[in-house]
Amino acid sequence: QVQVVESGGGLVQAGGSLRLSCAASGSIFYINAMGWYRQAPGKQRELVATITSGGSTNYADSVKGRFTISRDNGKNTVYLQMNSLKPEDTAVYYCNAAGVRGRNWVGNNDYWGQGTQVTVSS
């Protein structure tokens, strides 16, 4: 089993910055990709950014140029640097670990964190 835990959310003024962190732990040999998703009230959960173990990144159009995803594979940790935050970025941000393998390359599972609230005030 794997646990995914996010941290770093909070309240920030428009134009400000936050850095989210997410650490995956447990019986992990390899994680294919990690990413961030968010869900605002009344909205569907949407992709924010993903990064593979090889460093390939993908961003939602709404955050390109403002958010940067990075990772430390040795720590099974992913970060989301959020700059120039806007009120529309307000959401619960969820961390995802995809393609998680255990020892002997067993399994191929996805795991989600509990979410961390990001609130951007006008």
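As the structure is a computational prediction, the values presented were derived from the model and not from experiment.

Visitor: A description of the sheet that holds strand β7 (residues 67-72) should follow, citing residues and the corresponding values.
Guide: Across a sheet, paired strands are connected by hydrogen bonds in the backbone, their directions being either parallel or antiparallel. Taken in spatial order, the 4 strands of this open sheet run β1-β3-β8-β7, and their pairing is antiparallel. Sheet topology places β1 (2-7) and β7 at the edges, where each strand pairs with a single neighbour. Strand after strand, the sheet turns through a mean of 15° between neighbouring axes, direction not considered. In this sheet, strand β3 (residues 18-26) lies alongside β1 in antiparallel orientation, the contact comprising 6 bridges. Among the inter-strand pairings, S7 is bridged to a residue of β3, identified as S21.

Visitor: Could you give an account of the nonpolar core, with specific residues and numbers?
Guide: With 31 residues, the main nonpolar core has W36, L80, M82 and Y93 as its most contacted residues. Taken together, the elements giving at least two residues each to this core come down to β1, β3, β4 (30-39), β5 (46-52), β7, β8 (77-82), β9 (91-101) and β11 (116-121). With 5 residues, the top contributor of residues to this core is β9.

Visitor: Tell me what's going on with the state of the cysteines, and back it up with residues and numbers.
Guide: According to the stated counting rule, one finds 1 disulfide in the structure shown. A sulfur-sulfur distance of 1.9 Å marks the disulfide that ties C22 to C95. Taking the torsion about the sulfur-sulfur bond, which here is approximately -85°, the covalent link between C22 and C95 counts as left-handed. One end of the pair, C22, is in strand β3; the other, C95, is in strand β9, with 73 residues separating them in the sequence. A single burial state applies to C22 and to C95, both of which are buried.

What counts, and where the lines are drawn
- Residues numbered from 1 in each chain as written.
- Predicted model: local features only at pLDDT ≥ 70, side-chain atom pairs only at ≥ 80, totals over all residues.
- Heavy atoms only, no water.
- Pairing = 2+ DSSP bridges.
- Helix = DSSP H or I, 4+ residues; strand = E, 2+ residues; numbered from the N terminus.
- Axes fitted to C-alpha atoms, helices over the stretch in contact; angles between N-to-C directions.
- Core = buried A, V, L, I, M, F, W, Y, C linked by side-chain atoms within 4.5 Å.
- Buried < 20%, exposed > 50% of the residue type's maximum accessible area, 1.4 Å probe, protein only.
- Disulfide = S-S within 2.5 Å.

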